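Summary of structural features
Spelled out from the first residue to the last, the chains are:
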Amino acid sequence: MHLVLTYFDRLRGPSIFLSYPEIEIEEDIINKLIKFFDLDINETFFEIVLINKNKKIINLYIEIPSEWARGNKEMVMLSLIMKKTYPSELLYAFIVETSHKILKTNNVYKAFYKDDDHFNDNIEVFLAHEQIRLILFDSLNALISRLESKKKV
């Protein structure tokens, strides 16, 4: 199971920003995530099933208010990659809850400038990046615990 945050980099286009766990994700799945981000879908929440890989990818598109971004918003997509057997309803609630944690973080938009030479010595950029990393880490661990406790019941 992976929790991935993809964002629209103003120079490179869609790219993976953070992933937890930090184990390599298959290259073809990374490419699919980036392509999903570029899809012109009217829904902010969508699910993709990769039958040949026995995986499901649940995605939630989010716009984060930003003082630094063109158009005053950072465009990001939160994705959960897992086996296709997990119930979508539980996972939808999880991904919405995780996105709210990210959105509630003060100055969270600054995290997306971590690799920008103009901002890389800004401590707020580092702190915002670390906060997102911790949200992904804590949220995925909580989900895994919840799923494991449901199996035992």
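The structure we're discussing is the one just above.
Presented here is a report on the structure given in the accompanying data block. Everything quoted here is computed from the prediction, not taken from an experiment.

Re unusual backbone geometry
In the segment running from Y20 into P21, the intervening peptide bond is cis, with an omega of 0°. Phi angles above zero are rare outside glycine, and N72 is one such case at about 60°. Within the secondary structure, N72 sits in the loop between β4 (55–65) and β5 (73–83). In this structure N72 comes out as exposed when scored by relative accessible area, which is 52%.

Quick word on the side chain of T6
Within the secondary structure, T6 sits in strand β1 (residues 2–9). Every residue in contact with T6, bar those within four places of it in the chain, is listed here: S15, I16, F17, L33, F37, M75, V76 and M77.

Overview of the environment of I132
Relative to the helices and strands, I132 resides in helix α3 (residues 123–152). Exposure remark for I132: the relative accessible area of 0% places this residue in the buried category. As for I132 and N120, which are separated by 12 residues in sequence, their C-alpha atoms are 16 Å apart. Contacts of I132, omitting those with residues within four sequence positions, involve L5, F17, L18, V108, A111 and F112.

Remarks on the packing of aromatic side chains
Evaluation of the coordinates by the stated rule reveals 12 aromatic pairs. An angle of 45° between the planes, with centres 4.7 Å apart, marks the rings of F17 and F112 as tilted. Here F17 is found in strand β2 (residues 13–20), whereas its partner F112 is found in the loop between α2 (88–104) and α3, with 95 residues between them in sequence. Since its relative accessible area comes to 15%, F17 is described here as buried. Measuring from centroid to centroid gives 5.2 Å for W68 and Y113, while their planes differ by 80°, and the two rings are edge-to-face. With a gap of 45 residues between them, W68 in the loop between β4 and β5 and Y113 in the loop between α2 and α3 connect regions that are remote in the sequence.

The rules we used
Residues numbered from 1 in each chain as written. Predicted model: local features only at pLDDT ≥ 70, side-chain atom pairs only at ≥ 80, totals over all residues. Heavy atoms only, no water. Helix = DSSP H or I, 4+ residues; strand = E, 2+ residues; numbered from the N terminus. Buried < 20%, exposed > 50% of the residue type's maximum accessible area, 1.4 Å probe, protein only. Contact = heavy atoms within 4.5 Å. Phe/Tyr/Trp six-rings, centres within 6.5 Å; stacked < 30°, edge-to-face > 60°.

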